Amino acid sequence: PPAADPIKMGGDYSKPVDKAPAYYDKYLEGMPSLTNKVVAVTGCTTGTGYIAALTCAKKGATVVMLNRKSDRAEAALNKIKEAVPDAVVEHIDCDLMDFASVANAAKELTAKYSAGIDVLCNNAGVMASADQPTGDGYDIQMQTNHLSHFLLTKELFPLLEKAAEKNGEARIVNHSSGARKLAALISFSGTTGLEAKYFGKNSGNLGGDANSLIFGGGRWERYHQTKLANVVFTLAMRDKLEAKGSKVKALCAAPGLAATNLQVTSTRDGGMEGWFTNLLMGSAAAAEDGTLPLLECMFKTDAVSGQFYEPTGMTGPPHLVDLTPEKICVDETSRTVLWEESGKAVGEWNL
């Protein structure tokens, strides 16, 4: 008899489940032209980042794909060029686990796009990684998911201001997840907000590599802190941008339960059990549909700074979320912690 399929048996999860989009195609039809807009997206070799970049190219934007130099990055660039032959799209090396690489990417962007950038989409993220440091000495998840994006946004902010003055607005879009609420929902650590230790050079002493069935253990607590940081960063920027009368908007999205490589990588690296991932992802939405909240934040005409979009019921169409009941997300003390600790890591930003 033929060998058992490990995916069906539940012992492995080596590729995203194949899901047809339910909402994306109609959404794409309704999107306006993005001609003359410059859009930069991090983490866009696959998943929501790739779909966001491809969508922008289809709608006529100039697209800058910010990825670590790799065969996957080159393949993603070529795939977009094949899908959209007249696309204006390029790759710039940007390794989020290396602050120097991020700074160099910002310098290259500044040189090439001196007239301004309309949208910076801080999409990239890793999930439930081991308690190990990057070369810079910070937690892998916090550096990739937040600190490097803080640095990139800080360095590119003058370009965003230029575009906003010229075109009436520009946008910074961060990508969070339902994990922003984990501690508040499960109380596995007693965390009530952001903790400074996760932003410092404390990797190896941040809870270890345990993971439990219901998203518990050190791996998930670190992930929770980074996804909470994405929301808090957005709200802190909203406050500071409004205070200075800037036309730049800061918004945040979450993809809900979307079938991307994020779960594949997390399972491979020990953050999730294969059988549980298979069970969970059986009800996931297509990656295209999981990208819609991101696109809402990037281009929805009447979107307001500080807004948060995610799928209805985790897999439905995107909707605006009132964060007020999510006390863990709107805690003002966390905004102070985030700004101060991020500044210590990558340089002070007096926005």
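Residues numbered from 1 in each chain as written. Predicted model: local features only at pLDDT ≥ 70, side-chain atom pairs only at ≥ 80, totals over all residues. Heavy atoms only, no water.

Visitor: It is not clear to me how the packing of aromatic side chains should be interpreted in this structure. Could you clarify?
Guide: All told, the structure shown has eight aromatic pairs when counted by the stated rule. Between the aromatic rings of Phe-150 and Trp-349, the centroid separation amounts to 5.6 Å while the plane-to-plane angle is 85°, which identifies the pairing as edge-to-face. Remark: Trp-349 occurs in the segment after α14 (332-346) and Phe-150 occurs in helix α6 (residues 140-167); sequence separation between them is 199 residues. Neither residue differs from the other here; Phe-150 and Trp-349 are each classed as buried. Looking at Lys-240, its charged tip hangs above the ring of Trp-339, at a distance of 4.8 Å from the centre. (Phe/Tyr/Trp six-rings, centres within 6.5 Å; stacked < 30°, edge-to-face > 60°. Helix = DSSP H or I, 4+ residues; strand = E, 2+ residues; numbered from the N terminus. Buried < 20%, exposed > 50% of the residue type's maximum accessible area, 1.4 Å probe, protein only. Lys NZ or Arg CZ within 6 Å of the ring centre and 35° of its normal.)

Visitor: It is not clear to me how the packing of α6 against α14 should be interpreted in this structure. Could you clarify?
Guide: Each pair of packed helices can be summarised by the angle the axes make with each other and by the distance between the axes. Between α6 and α14, whose axes approach to 10 Å, the crossing angle comes to 80°. Between α6 and α14, the crossing angle belongs to the class labelled roughly perpendicular. For the pair α6 and α14, contact is made by His-146, Leu-147, Phe-150, Leu-151 and Lys-154 and by Leu-338, Trp-339, Ser-342, Gly-343, Ala-345 and Val-346, respectively. The residue inventory of the contact of α6 with α14, partitioned by class, reads seven nonpolar, three polar and one charged. (Axes fitted to C-alpha atoms, helices over the stretch in contact; angles between N-to-C directions. Parallel < 35°, antiparallel > 145°, perpendicular 65-115°, else oblique. Contact = heavy atoms within 4.5 Å. Nonpolar A, V, L, I, M, F, W, Y, C, P; charged D, E, K, R; others polar.)

Visitor: Can you help me understand the sheet that holds strand β7 (residues 308-311) in this one?
Guide: Whenever strands of a sheet pair, they do so through backbone hydrogen bonds, lying parallel or antiparallel. Strand order in the open sheet made by the eight strands is β3-β2-β1-β4-β5-β6-β7-β8, with mixed pairing throughout. The sheet terminates laterally at β3 (88-93) and β8 (318-321), the two strands that pair on one side only. Taking the axes of each pair of neighbouring strands and ignoring which way they run, one obtains an average angle of 20° across the sheet. Sheet topology note: the strand β1 (residues 38-42)/strand β2 (residues 62-67) ladder contains five bridges and is parallel. Counted as the bridge partner of Thr-42 is Leu-66 from β2. Docked against the sheet, helix α5 (residues 99-112) engages β2 and β3, running at close to 145° with respect to β3. (Pairing = 2+ DSSP bridges.)

Visitor: What should I look at first to understand the environment of Thr-42 in this one?
Guide: Checked against the element boundaries, Thr-42 lands in strand β1. Spatially, the C-alpha atoms of Thr-42 and Met-65 are 6.3 Å apart, while their sequence positions differ by 23 residues. If sequence neighbours within four positions are ignored, Thr-42 has contacts with Leu-66, Asn-67, Leu-96, Cys-121, Asn-122, Asn-123, Ala-124, His-149 and Leu-152. From its side chain, Thr-42 meets the backbone nitrogen of Asn-123 in a polar contact 3.0 Å long. (Polar contact = N/O pair within 3.5 Å; in protein donor to acceptor, adjacent residues only side chain to side chain.)

Visitor: What's the story with the nonpolar core in this structure? I'm lost.
Guide: A general feature of soluble globular proteins is that nonpolar side chains tend to end up buried together. Judged by nonpolar contacts, the single largest core of 59 residues is most densely connected at Met-237, Leu-338 and Trp-339. Here this core takes eleven residues from α6, the largest share from any one element. Core analysis: the second largest hydrophobic core is formed by 37 residues, Val-41, Cys-44, Val-63 and Cys-297 among them. (Core = buried A, V, L, I, M, F, W, Y, C linked by side-chain atoms within 4.5 Å.)

Visitor: Explain helix α4 (residues 71-83) to me, please; I cannot follow it from the model alone.
Guide: A turn of α-helix holds 3.6 residues, and therefore any two residues three or four places apart point the same way. Helix length check: α4, at 13 residues, gives a terminal C-alpha distance of 18 Å against a target of 18 Å (1.5 Å per residue), a fit within 8%. When we look at burial in α4, the residues that qualify are Ala-73, Ala-76, Leu-77 and Ile-80. One face of α4 carries all of its buried residues, which in axial projection span an arc of 95°. Away from its buried face, by an angle of more than 90 degrees, α4 presents the exposed residues Asp-71 and Glu-82. Here the buried face of α4 lies against α3 (47-58), β2 and β3. (Expected span 1.5 Å × (residues − 1). Arc of directions from axis to C-beta.)

Visitor: It is not clear to me how the pattern of salt bridges should be interpreted in this structure. Could you clarify?
Guide: For the structure shown, the criterion picks out 16 salt bridges. Ionic pairing is found between Arg-222 and Asp-139, a salt bridge with its closest N-O pair at 3.5 Å. With Arg-222 in helix α8 (residues 218-243) and Asp-139 in the loop between β4 (119-122) and α6, the pair connects residues that are 83 residues apart, well separated along the chain. Taken individually, Arg-222 and Asp-139 each receive the classification buried, so the pair is uniform in this respect. One salt-bridge network, held together by shared partners, links Asp-131, Asp-139, Asp-209 and Arg-222. (Salt bridge = Lys/Arg side-chain N within 4 Å of Asp/Glu carboxyl O.)

Visitor: So what exactly am I meant to see when it comes to α8 here?
Guide: Under the 1.5 Å per step criterion, the end-to-end length of α8 is 37 Å for 26 residues, consistent within 8% with the ideal 38 Å. In terms of residue burial, α8 counts as a mostly covered element, since 21 of its 26 residues are buried.

Everything listed here is a matter of coordinates, which is why it stays silent on function.
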